[in-house]
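Residue strings, one per chain:
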Amino acid sequence: MIQGLGSNNGLGADAEYMRLMQEMHSFGLHPSGNKNLDARKLANVKSELVQKIQNSFSGSENNSGVQVISPVDETDYIQRSEMEEQRLGAMNIANLNKFYFGL
C-alpha cells in the first residue's frame, strides 16, 4: 500500500506535537516520541538561549555598539490605537474613490 509522505497514518501525532517536533528540529534536537518529555526539553533549550542572549547584551553592550530598544510609551500606544480605530487613511481613499468613480 502506498501512503503519502505527510499523512498522519494514525500515529497519534496531533498538530501541537508536530509543531513541537518542528521547533526541536530547528534547534537541532531529535524528538524522543514522548510529547511531555520533548516539551520540557524544548523549554529548557529555549530558556538557555534566552539566558545566553541576555548575558551577551548585559556583558558587551558598550563593546558591540548594540543598543537595547526601550518599550513603547503608553501614550503613543493609545494614540496609535485611536488612529487605527478611526482608519483615516482608508476613509480618505474611500472618499477619493467615491469622487473619482462617481459612486
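Details of the structure are given in the entry above.
Parameters at a glance
- Residues numbered from 1 in each chain as written.
- Predicted model: local features only at pLDDT ≥ 70, side-chain atom pairs only at ≥ 80, totals over all residues.
- Heavy atoms only, no water.
- Helix = DSSP H or I, 4+ residues; strand = E, 2+ residues; numbered from the N terminus.
- Contact = heavy atoms within 4.5 Å.
- Areas by Shrake-Rupley, 256 points an atom, 1.4 Å probe, with all protein chains shown as cover.
- Salt bridge = Lys/Arg side-chain N within 4 Å of Asp/Glu carboxyl O.
- Buried < 20%, exposed > 50% of the residue type's maximum accessible area, 1.4 Å probe, protein only.
- Expected span 1.5 Å × (residues − 1).
- Arc of directions from axis to C-beta.
- Phe/Tyr/Trp six-rings, centres within 6.5 Å; stacked < 30°, edge-to-face > 60°.
- Core = buried A, V, L, I, M, F, W, Y, C linked by side-chain atoms within 4.5 Å.

Enquirer: What am I meant to see in the overall build of the protein here?
Expert: Along its length, the protein carries five helices and zero strands. Across the protein, helices and strands are ordered from the amino to the carboxyl terminus as α-α-α-α-α. Restricting the contact set of the protein to residue pairs at least 6 apart, pairs at least 24 apart contribute 0%. Summed over its atoms, the accessible surface of the protein is roughly 9200 Å², and 56% of this surface lies on carbon and sulfur atoms.

Enquirer: Is there a simple way to think about the pattern of salt bridges in this case?
Expert: Any two side chains of opposite charge can pair if their charged atoms end up close together. Summed over the entire model, instances satisfying the criterion amount to four salt bridges. Between K35 and E16 there is a salt bridge, and its shortest N-O distance comes to 3.2 Å. Taken together, the positions of K35 in helix α2 (residues 35–59) and E16 in helix α1 (residues 15–26) put the pair 19 residues apart, joining distant regions of the chain. Between R19 and E23 there is a salt bridge; the shortest N-O distance is 2.4 Å. Placement of the pair is R19 and E23 together in helix α1, with a separation of four residues, close to one helical turn. For R19, a relative accessible area of 40% puts it in the partly exposed group.

Enquirer: Teacher, can you tell me more about helix α4 (residues 74–86) here?
Expert: Because each turn of an α-helix spans 3.6 residues, side chains separated by three or four positions in sequence point in the same direction. Helix length check: α4, at 13 residues, gives a terminal C-alpha distance of 19 Å against a target of 18 Å (1.5 Å per residue), a fit within 8%. Downstream of α4 by one or two residues, R87 has phi in the positive range, about 55 degrees.

Enquirer: Honestly, α1 in this entry has me stumped. Any pointers?
Expert: For α1, which comprises 12 residues, the first-to-last C-alpha distance of 17 Å matches the rise-based estimate of 16 Å (1.5 Å per residue) to within 8%. Within α1 the residues assigned to the buried category are Y17, L20, M21, E23 and M24. Seen end-on, α1 carries its buried residues on one side only, within an arc spanning 160 degrees. Exposed residues on α1 whose side chains face more than 90 degrees from its buried face are A15, Q22 and S26. Phi for G28, located one or two positions after α1, is positive at around 80 degrees.

Enquirer: Got a minute to help me understand the packing of aromatic side chains in this structure?
Expert: Any pair of aromatic rings gets described here by the distance separating the centres and the angle formed by the planes. Throughout the structure, instances matching the rule amount to one aromatic pair. Ring centres 4.9 Å apart and planes at 80 degrees place the aromatic pair Y100 and F101 in the edge-to-face group. Here Y100 and F101 have matching classes, each one exposed.

Enquirer: I keep staring at the nonpolar core and nothing clicks. Help me out?
Expert: The tendency in soluble globular proteins is for nonpolar side chains to be buried side by side. One finds Y17, L20, M21, M24, L29 and L42 forming the largest nonpolar core, which totals six residues. Per-element accounting of this core gives the leading share, four residues, to α1. Beyond its immediate stretch of four places on either side in the chain, L42 contacts L20, E23, M24 and F27.

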